Amino acid sequence: KLAAAPAEFIQHQRANGAAIRAELSAGLMAPQAHTSAKYLYDALGSKLFEAICELPEYYPTRTEAAIFDAHLPDIAQSIGVGATLIDLGAGNCAKAARLFSTLHPVQYVPIDISADFLREALEQLQQRFPHIEMTGVGLDFSSALDLPDAVRHQKRLFFYPGSSIGNFTPPQALAFLRRLRAACNSSSDGGVLIGVDLLKEQQILDAAYDDALGVTAAFNLNLLRHLNQLLGTDFDVRDWRHRAGFNAAHGRIEMHLEARRALTVSWGEQRRQFAQGERIHTENSYKYTQQDFVALLEQAGFGDARVWTDSRHWFAVIHARV
Ligand code: AVI
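Sequence order as written defines residue numbering, which begins from 1 separately in each chain. Whole-chain, interface and lining totals are the exception, using all residues; otherwise, since this is a predicted model, local features are given only for residues with pLDDT of at least 70 and side-chain atom pairs are given and counted only at 80 or more. The basis for the side-chain values is all heavy atoms of the structure; hydrogens and waters are excluded.

Naming follows an unreviewed UniProt entry, where the chain appears as L-histidine N(Alpha)-methyltransferase of Undibacterium arcticum.

Moving on, we get to the pairing of strand S7 (residues 240-247). At least two bridges found by DSSP between two strands is the condition for calling them paired. Helix and strand assignments follow DSSP, with helices taken as H or I runs no shorter than four residues and strands as E runs no shorter than two, numbered in order from the N terminus. As paired elements, S7 and strand S8 (residues 252-259) share eight bridges and run antiparallel to each other. Across the sheet, Gly245 pairs through a bridge with Glu254, a residue of S8. The turn linking S7 back onto S8 is made up of four residues, and Gly251 within it adopts a positive phi angle of 65°.

Another aspect to go through is the sheet that holds S7. Taking strand neighbours across the sheet as the criterion, the three strands line up as S7-S8-S11 in an open arrangement whose pairing is antiparallel. Strands with a single pairing partner mark the edges of an open sheet, and in this sheet they are S7 and strand S11 (279-286). Going from strand to strand, the sheet's axes swing by 20° on average, the running direction of each strand aside. Judged from the seven bridges that link them, S8 and S11 form a sheet pairing that is antiparallel. For Ile253, the partnering residue across the bridge sits in S11 and is Ser285. On top of the sheet, helix H9 (residues 215-231) reaches S7, S8 and S11; it is set at about 60° to S8, its chief contact. An axis is simply a line fitted to the C-alpha atoms; with a helix, the fit covers only the stretch in contact. Between two such axes, the angle follows the N-to-C directions and lies from 0 to 180 degrees. The contact criterion used throughout is that any non-hydrogen atoms of two residues lie within 4.5 Å.

Bringing the site of the ligand into the picture now. Whether a residue is near a molecule or strand depends on its heavy atoms: if one lies within 4 Å, it is near. Taken together, 14 residues lie around the ligand, and Tyr58, Asn167, Tyr209, Glu283 and Ser285 are the ones closest in. Two N or O atoms count as a polar contact when they lie within 3.5 Å, although within protein this holds only if one can serve as hydrogen donor and the other as acceptor, and sequence-adjacent residues are included solely when both atoms are side-chain atoms. Between an oxygen atom of the ligand and a side-chain N or O atom of Tyr58, the distance comes to 2.5 Å. Here a nitrogen atom of the ligand and a side-chain polar atom of Asn167 are 2.9 Å apart. Per-residue and other accessible areas were derived by the Shrake-Rupley procedure at a 1.4 Å probe size, with only the shown protein chains allowed to occlude residues. Burial of the ligand by the surrounding chains reaches 97%, relative to a free accessible area of 340 Å². Secondary-structure elements contributing two or more residues to the shell around the ligand are helix H2 (43-52), H9 and S11. Classification convention: Asp, Glu, Lys, Arg as charged; Ala, Val, Leu, Ile, Met, Phe, Trp, Tyr, Cys, Pro as nonpolar; all other residues, Gly among them, as polar. Tallied by class, residues from the shell around the ligand come to seven nonpolar, six polar and one charged.

Written out as structure tokens, the structure is:
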């Protein structure tokens with residue numbers, strides 16, 4: 001048995017604290033208060049998201065896994081072996097790890113904003129797969145896609161599962177896919193392997209984001225603790241309530257936090273009053289039709305899309321090439 005060398009880990013400079021605070025302050029002071037969904041993922045937020053993926057109501061993770069289970073040989077054939085697998089928002093790396101034995105990547109590059117969480121997962125994974133070269137990257141890839149020098153310039157496969165693309169607005173998603181397309185290198189045969197949540201009956205969508213056990217509520221409310229840490233706000237989690245539901249006009253689930261009573265939140269020199277029932281918009285999760293998403297990939301410069309879906313057409317896994 002090979003003894004694994006420790007996986008390399010690169011921590012990109014964390015975004016400047018002052019810039020983060022300015023962005024968060026501006027969002028909280030806006031007439032419709034809002035925060036970017038990426039702030040849901042501190043160490044506890046990442047763990048709560050893992051728990052969400054186990055919930056009976058949260059079908060995306062399970063449905064996507066079943067698509068991979070049913071079609072992995074076909075998916076691997078479409079991709080070809082020997083790629084550098086760049087895992088965007090890798091979290092605990094479990095989804096990519098399930099592909100290793102069929103896809104045989106030569107190199108694995110997981111990237112996540114939640115760096116400590118990723119580092120721990122990667123150390124264990126490198127022990128299990130000593131023959132795959134692994135370089136973890138702690139990075140907010142939504143603002144810049146700085147790939148480490150160690151990433152080979154041959155075939156790059158960007159793996160973006162879980163329908164995280166849905167947490168961008170469609171114009172942001174297009175810009176992001178264009179950046180991936182540019183990072184594929186035109187001379188190589190790179191591509192994307194992406195999971196997309198499809199439009200479906202509203203009841204199913206609503207339940208997935210407002211589960212009976214209240215795990216999604218805890219995930220959403222944990223944002224307030226993270227804001228207290230990042231910005232020095234004095235949010236009391238008990239003053240707020242989780243709200244989530246499908247907005248048909250926009251084709252998206254919206255998550256909000258709603259004030260249970262009239263209150264004032266203070267940080268630094270700033271304060272913001274919230275009336276009872278007033279909300280902070282904390283996340284969007286866009287749902288697509290298969291056709292619309294393939295069109296978006298084409299607009300971004302990817303082609304030759306192959307789509308695998310489940311029998312209920314709830315979720316799609318798509319491989320597209322440069
Ligand atoms: C990570 N992302 C794809 C999840 C979603 O479904 O939009 C985040 C999430 N929010 C609430 N539940 C899960």
